[in-house]
Amino acid sequence: MPGDFKTDRRNFLTAAGAAASSALTIGLLSAEAQGQPATARSEPADSPLSFDHLYNTSALATTLKGEAADRLALRRLVDAWAHCADRRLAEEQSNLFVPDGTLLNYEGDPATHEPHSTIKGRAAIRTALAVLKTFTVTLHMNGQSEVAIEGDHAIGETYCLVHQFTGEGEHRKCQTLGIRYYDEFVRQDSRWFFVERKVVIDWSEIG
């Protein structure tokens, strides 16, 4: 009956809310018992928030520890690439690599295709990124991302949709790319860098 359904739904929501509240209380008490703060802050409480700190790829730029800190730093590294690309910050973007890092571009899966370009070293990568200036605007939207970490080394795969606009007004066109990144990372002095980044274009569409 409709009335019974509403009653069951209210009971379910009430029980779920109580369970969530209980779990939160237990988590806070556990953190306090271990001498840890109940909330995590990457900056001291009295320091101003700054957009300059959003993409800090150091594992020390958080109160998280161990693998959790590394995973956060690696995600920030992946997102920093997208941010720098859309803001045309070529130098900052190239500095996400180790000095002799490699950028490879594929049109198709690397298992069955050869790279159509291989760019090695920060200076060469920075020069290659000038291609982004040929677009009126770009938008990189990172999706699912997974990494595997072993000591100071890690690998990862990230899905991304890239929108690249050219022209203005009636002549405006958008090319959308379905991209996967295959990455190799290294941690140096607590900070994570790209060692190798494979840019794999699975598909593209112009509209």
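The structure under discussion appears in the preceding block.
What you see is a predicted model; the values in this text were computed from it and never measured. (Residues numbered from 1 in each chain as written. Predicted model: local features only at pLDDT ≥ 70, side-chain atom pairs only at ≥ 80, totals over all residues. Heavy atoms only, no water.)

Visitor: What am I meant to see in the pairing of strand β5 (residues 173–188) here?
Guide: Where a strand is regular, its side chains alternate between the two sheet faces. Of the pairings in the sheet, the one linking strand β4 (residues 153–166) to β5 comprises 14 bridges and is antiparallel in character. Pairing of Glu157 across the sheet is with Tyr182, part of β5. Between β4 and β5, which pair antiparallel in sequence order, lie 6 residues; one of them, Gly167, sits at a positive phi of approximately 75°. In the sheet, β5 pairs with strand β6 (residues 191–206) via 14 bridges, with the strands oriented antiparallel. Directly across from Leu177, in β6, lies its bridge partner Ser204. Between β5 and the antiparallel strand that follows it, β6, lie 2 residues; Asp189 among them carries a positive phi value of about 50°. (Pairing = 2+ DSSP bridges. Helix = DSSP H or I, 4+ residues; strand = E, 2+ residues; numbered from the N terminus.)

Visitor: What is the right way to look at the pattern of salt bridges in this model?
Guide: Oppositely charged side chains are able to pair whenever their charged atoms sit close together. Under the criterion given, the structure shown has 10 salt bridges. Of the charged contacts in the structure, one is a salt bridge between Glu67 and Arg71, with a shortest N-O distance of 2.8 Å. Of this pair, Glu67 and Arg71 both sit in helix α2 (residues 66–87), 4 residues apart, which is roughly one turn of that helix. Residue Arg71 is classed as partly exposed on the basis of its relative accessible area of 32%. Linking Glu146 and Arg71 is a salt bridge whose minimum nitrogen-to-oxygen distance equals 2.9 Å. With Glu146 in strand β3 (residues 137–150) and Arg71 in helix α2, this pair connects stretches of sequence that are 75 residues apart. On the basis of relative accessibility, which here comes to 48%, the residue Glu146 falls in the partly exposed class. (Salt bridge = Lys/Arg side-chain N within 4 Å of Asp/Glu carboxyl O. Buried < 20%, exposed > 50% of the residue type's maximum accessible area, 1.4 Å probe, protein only.)

By themselves, these are just geometric observations and shouldn't be taken as functional.
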